[in-house]
Amino acid sequence: MDNMLRKALRKYRELRNQFENCLLGEDGDMWETEAKKFLAKRSCWTKPQVGVPAPEPSLIIDCDVDPFLPAGLQVEEHKPGGQFRWDPTKINLYLSPNQQDGKSIEGHKLRIELANQSVMNANLLDYLLAHPYLIPEDWKQDADGNTRFIYFWGTVYRDSGRDLCVRYLCWSDGHWQAHCNWLGSGWHIRYPAARLAN
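Procedures and definitions
Residues numbered from 1 in each chain as written. Predicted model: local features only at pLDDT ≥ 70, side-chain atom pairs only at ≥ 80, totals over all residues. Heavy atoms only, no water. Helix = DSSP H or I, 4+ residues; strand = E, 2+ residues; numbered from the N terminus. Buried < 20%, exposed > 50% of the residue type's maximum accessible area, 1.4 Å probe, protein only. Pairing = 2+ DSSP bridges. Disulfide = S-S within 2.5 Å. Phe/Tyr/Trp six-rings, centres within 6.5 Å; stacked < 30°, edge-to-face > 60°. Lys NZ or Arg CZ within 6 Å of the ring centre and 35° of its normal. pLDDT = per-residue confidence, 0-100. Core = buried A, V, L, I, M, F, W, Y, C linked by side-chain atoms within 4.5 Å. Contact = heavy atoms within 4.5 Å. Polar contact = N/O pair within 3.5 Å; in protein donor to acceptor, adjacent residues only side chain to side chain. Salt bridge = Lys/Arg side-chain N within 4 Å of Asp/Glu carboxyl O.

Unusually for a residue other than glycine, Asp 101 sits at a positive phi of about 55°. Locating Asp 101 in the fold gives a position in the loop between strand S4 (91–94) and strand S5 (105–106). The exposed category is assigned to Asp 101, whose relative accessible area is 73%. In this structure, Asp 173 takes a positive phi of about 55° despite not being glycine. The topology assignment puts Asp 173 in the loop between strand S8 (164–172) and strand S9 (175–182).

This next bit is on the pairing of S8. For S8, the tally of buried residues reaches 7 of 9 residues, placing the bulk of the element in the interior. Note that strand S6 (residues 150–151) and S8 share 2 bridges and pair antiparallel. Note that in S8 the partner of Ile 150 across the bridge is Leu 169. Where strand S7 (residues 155–159) folds back onto S8 in an antiparallel hairpin, the turn is made up of 4 residues, including Arg 162, whose phi is positive at roughly 75°.

Summed over the entire model, instances satisfying the criterion amount to 0 disulfides. The thiol sulfur of Cys 180 is not disulfide-bonded, and the nearest other cysteine sulfur, from Cys 165, lies at 3.8 Å.

Further remarks concern the packing of aromatic side chains. What the rule picks out here adds up to 10 aromatic pairs. Seen in terms of ring centroids, Tyr 151 and Tyr 191 are 5.3 Å apart; in terms of plane orientation they differ by 50°. Their pairing is tilted. Of this pair, Tyr 151 sits in strand S6 while Tyr 191 sits in the loop between strand S10 (186–187) and strand S11 (193–196), placing them 40 residues apart in sequence. Judged by relative accessible area, Tyr 151 falls into the buried class, the value being 1%. Note on Trp 171 and Trp 176: the rings are 5.5 Å apart at their centroids and 70° apart in plane angle, and the pair reads as edge-to-face. According to the relative accessible area criterion, Trp 176 is buried, its value standing at 8%. A connected cluster of aromatic rings, assembled from ring pairs, spans Phe 149, Tyr 151, Trp 153, Tyr 168, Trp 187 and Tyr 191. The positively charged end of Lys 140 is found above the aromatic ring belonging to Trp 171, 3.7 Å away from the centroid.

Looking at the chain as a whole, its pLDDT mean stands at 86, while 81% of the residues score no less than 70. Ranking the elements of the chain by mean pLDDT puts helix H1 (residues 3–24) last, at 69, and S6 first, at 98.

Right, let's talk about the nonpolar core for a bit. Core analysis: the biggest nonpolar cluster contains 20 residues, and Trp 86, Leu 124, Trp 139 and Leu 169 have the highest contact counts within it. Ranked by the residues each element gives to this core, the list is headed by helix H4 (residues 122–130), at 5 residues. Setting aside anything within four residues of it in sequence, one finds Leu 169 in contact with Leu 125, Leu 128, Leu 129, Ile 135, Trp 139, Arg 148, Phe 149, Ile 150, Phe 152, Trp 176 and Gln 177. Counting 17 residues, the second largest nonpolar core, distinct from the first, contains Tyr 151, Leu 183, Trp 187 and Ala 193.

This brings us to the side chain of Thr 155. For Thr 155, the position within the fold is in strand S7. With relative accessibility at 0%, the residue Thr 155 sits in the buried group. A polar atom in the side chain of Thr 155 sits 2.8 Å from the side chain of His 78.

On to the pattern of salt bridges. A side chain with one charge may pair with a side chain of the opposite charge, provided their charged atoms come close. Summed over all chains, the structure comprises 4 salt bridges. With a shortest N-O distance of 2.9 Å, Arg 167 and Asp 126 are connected by a salt bridge. Here Arg 167 is found in strand S8, whereas its partner Asp 126 is found in helix H4, with 41 residues between them in sequence. Asp 126 carries the same exposure label as Arg 167, and that label is buried. A salt bridge links Lys 140 to Glu 137; the shortest N-O distance between them is 3.0 Å.

This is the structure we're talking about:
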């Protein structure tokens, strides 16, 4: 297979997986309708006309169900989180003291620190990817204008090489994306954890 084709397929694998996840989710009918408009080259995801109510997504996320599995990953640990009603004021972007003031902490050590914290799992991440307009604007960047990489430590994955990783949400190339980072890496001030606010 041509190297350029391989690169293109790898680049869009996560996007395809996210799209399939949206189609299989609670709002799958809405996603299917809008995708068909897109394929027919008609306007999709447009604001409704005045007086015509827009379909509202369910704001309840089932954080107990098995999480989405990106290609090549398996679940190592998934902390159930119950039925969570989306409200950005209930989420705090948490940084360990070991991530502040120029410090960095290895992911394995941070996982131990976060073990008793109310960190959110990947079900919330995938819900937000399916409904990006619900993501707060200030999640894109920190106060210094640096891109934030928001981690969902409630779900830890293992790749085919047996390495542990955690998925994160970030704003890049004009849209929200999800990727993962290996626990052998260092976590610094730009890598907060999505945690239930006290």
